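In case you want the letters, here they are:
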Amino acid sequence: RINTKKITTGSQALDGLLGGGIETRTMTELFGEFGSGKTQLCHQLSVNVQLPLEKGGLGGKAVYIDTEGTFRWERIEAMSKAIGLEPDSAMNNIYYMRAINSDHQMAIVDDLQELISKDPAIKLIIVDSVTSHFRAEFPGRENLAVRQQKLNKHLHQLVRLAEMYDLAVIITNQVMARPDMFYGDPTVAVGGHTLYHVPGIRVQLKKSRGNKRIARIVDAPHLPEGEVVFAITEEGVRD
Ligand code: GTP
Ligand code: MG
């Protein structure tokens, strides 16, 4: 795709699956069951975006919107050390924001345009997880319409930022594992919740043996089919 730039994930296999890495001007959804590696990948990418171009980064900064309180500065420290970045400056290059409810989460994104205008080094926006507050506050079928409406507005706002500022957006979405998940339609398997009509790339993550994880791209005709295996190590995401 023309004019997009890529951020390495830390795994060559996963980068290969993504056509080089996580791309700018695009929203990438990481979805999968608990422990499948969504949050670890988000940490890794908020570090890797800071790498120079020749090392797979964008020499940029990240905004990390944490809705579940699972962000760990110690992890950023370990991951940055492992790739030769100075940990203190790596941490300084991440704008950490804790969203306490869905209104707050949406308000944070409302304000991002101003922040990015002031700091054009921002090349990555992460929302981990994009769905948790909406699910908790608007549960069940009876709230589906209002939940979808709010979430769609939120997601389209993120897509607009990606396109306007040539940056990458990553959202995560916890999805229950099902035995037939990789073969059936995952978008209808997700506990009544679907993001499939939102533009972008969807990456399904699955637990495998030990620290191994499996990734697969869903519904992206321009990317190769198939699965790849990567690992979550002390140093971060690796092959
Ligand atoms: P939910 O948010 O619960 O849906 O899960 P997730 O998909 O965000 O999973 P997450 O990325 O938090 O965790 C994936 C796995 O990473 C965990 O099960 C741990 O095995 C591993 N992990 C997390 N922190 C560390 C760490 O500091 N060191 C190492 N080596 N592995 C870790
Ligand atoms: Mg998580």
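Structure's up top.
Please read these numbers as outputs of a predicted model, since none were measured by experiment.

Reading guide: rules and limits
- Each residue is numbered by its place in its chain's sequence as written, counting from 1.
- The lettering of chains begins at A and the numbering of ligands begins at 1, in the order of writing.
- Reporting of local features is limited, given that this is a predicted model, to residues whose pLDDT is at least 70; pairs of side-chain atoms are given and counted only at 80 or more, and all residues count toward the totals for whole chains, interfaces and linings.
- Note: side-chain values were computed over all heavy atoms of the structure, leaving out hydrogens and water.
- Labels follow the DSSP assignment, with helices taken as runs of H or I lasting at least four residues and strands as runs of E lasting at least two, numbered in each case from the N terminus.
- Throughout, a residue-residue contact means that at least one pair of heavy atoms, one from each residue, lies within 4.5 Å.
- Accessibility throughout is a Shrake-Rupley quantity obtained with a 1.4 Å probe, and a residue counts as covered only by protein chains that appear here.
- What makes two strands pair is DSSP finding at least two bridges between them.
- Angles here are taken between N-to-C directions and fall from 0 to 180 degrees, while the axes themselves are lines fitted to C-alpha atoms, restricted in helices to the stretch in contact.
- One less than the residue count of a helix, multiplied by 1.5 Å, gives the span that helix is expected to have.
- Throughout, bend refers to the angle between the axes fitted to the seven residues that end at a position and the seven residues that start at it.
- Salt bridges are defined as contacts in which a side-chain nitrogen from Lys or Arg sits within 4 Å of a carboxyl oxygen from Asp or Glu.
- For every residue, the accessible area obtained with a 1.4 Å probe (protein chains only) is divided by the maximum for its type, and the residue is called buried under 20%, exposed over 50%, and partly exposed between those limits.
- Residues are classed as near a molecule or strand on a simple rule: at least one heavy atom within 4 Å of it.
- We call two N or O atoms a polar contact when they sit within 3.5 Å, provided that within protein one can donate a hydrogen and the other can accept it, with sequence-adjacent residues counted only if both atoms are side-chain atoms.
- Convention used here: angles under 35 degrees read as roughly parallel, angles over 145 as roughly antiparallel, angles from 65 to 115 as roughly perpendicular, and any remaining angle as oblique.
- Definitions for this section: a left-handed crossing has its near helix turned counterclockwise from the far helix by less than a right angle. A right-handed crossing has that turn clockwise.
- In this classification, Asp, Glu, Lys and Arg are treated as charged, Ala, Val, Leu, Ile, Met, Phe, Trp, Tyr, Cys and Pro as nonpolar, and every other residue, Gly included, as polar.

### Brief notes about the overall build of the chain
And step 1. Looking only at helices and strands, one finds seven helices and eleven strands in the chain.
And step 2. Seen along its three principal axes, the alpha-carbon backbone of the chain occupies a region of about 50 × 40 × 35 Å.
And step 3. Across the chain, contacts joining residues at least 24 apart in sequence account for 69% of those joining residues at least 6 apart.
And step 4. Counting every atom, the chain has about 10700 Å² of accessible surface; 52% of that belongs to carbon and sulfur.

### Remarks on the sheet that holds strand 8 (residues 201–207)
And step 1. The mixed open sheet is built from nine strands, whose spatial order is 5-4-6-7-3-8-9-10-11. On the outer flanks of this sheet lie strand 5 (94–98) and strand 11 (236–238), each paired with one strand and no other. Looking at each pair of strands side by side, their axes are set apart by 25° on average, direction ignored.
And step 2. Where strand 4 (residues 61–66) and strand 5 come together, five bridges link them in parallel fashion. Note that in strand 5 the partner of A62 across the bridge is I94.

### Side note on unusual backbone geometry
And step 1. With an omega dihedral of -5°, the bond running from D128 to S129 counts as a cis peptide bond.
And step 2. Look at R25: it is not a glycine, yet its phi comes out positive at around 65°.

### A word on helix 5 (residues 102–118)
And step 1. A rise of 1.5 Å per residue sets the reference length of helix 5, with its 17 residues, at 24 Å; its end C-alpha atoms lie 25 Å apart and thus fit the reference within 8%.
And step 2. L112 marks where helix 5 bends most, by close to 35°.
And step 3. Residues of helix 5 that are buried sit in contact with strand 4, strand 5, strand 6 (122–128), helix 6 (132–137) and helix 7 (144–165).

### Some words on the pattern of salt bridges
And step 1. Counted according to the given criterion, the structure contains seven salt bridges.
And step 2. E23 is paired through a salt bridge with K6; the nearest N and O atoms lie 3.0 Å apart. Separated by 17 residues along the polypeptide, E23 in strand 2 (residues 22–23) and K6 in strand 1 (residues 6–7) bring together distant segments of the chain.
And step 3. For E23, a relative accessible area of 2% gives the class buried.
And step 4. As a salt-bridge pair, E33 and K207 come within 4.0 Å of each other at their nearest N and O atoms. Of this pair, E33 sits in the loop between strand 3 (27–32) and helix 2 (38–48) while K207 sits in strand 8, and the two are 174 residues apart along the sequence.
And step 5. Among the residues examined, E33 registers a relative accessible area of 16% and is labelled buried.
And step 6. Through salt bridges with shared partners, a single network forms among K5, R25 and D166.

### Details of the site of ligand 1
And step 1. In the region of ligand 1, 15 residues are neighbours, and G35, K38, T39, Q40 and Q174 sit closest.
And step 2. Here an oxygen atom of ligand 1 sits 2.7 Å away from a polar atom, N or O, in the side chain of K38.
And step 3. In this structure, T39 approaches ligand 1 through a side-chain N or O atom, which is 2.8 Å from an oxygen atom.
And step 4. Starting from 660 Å² of accessible surface for ligand 1 in isolation, the protein chains cover 66%.
And step 5. Only helix 2 and strand 10 (227–233) provide two or more residues apiece to the shell around ligand 1.
And step 6. In terms of residues, the shell around ligand 1 owes the most to one element, helix 2, which gives three residues.

### Quick notes on the packing of helix 5 against helix 7
And step 1. The geometry of helix 5 relative to helix 7 is characterised by a closest axis approach of 10 Å and an angle of 15° between their N-to-C directions. When the axis of helix 5 is compared with that of helix 7, the two are roughly parallel. Relative to helix 7, helix 5 is oriented so that their crossing is left-handed. In contact with D103, Q105, M106, V109, D110, L112, Q113, I116 and S117 of helix 5, helix 7 contributes K150, K153, H154, Q157, L158, L161, M164 and Y165.
And step 2. Class assignment for the residues of the contact of helix 5 with helix 7 results in eight nonpolar, five polar and four charged.

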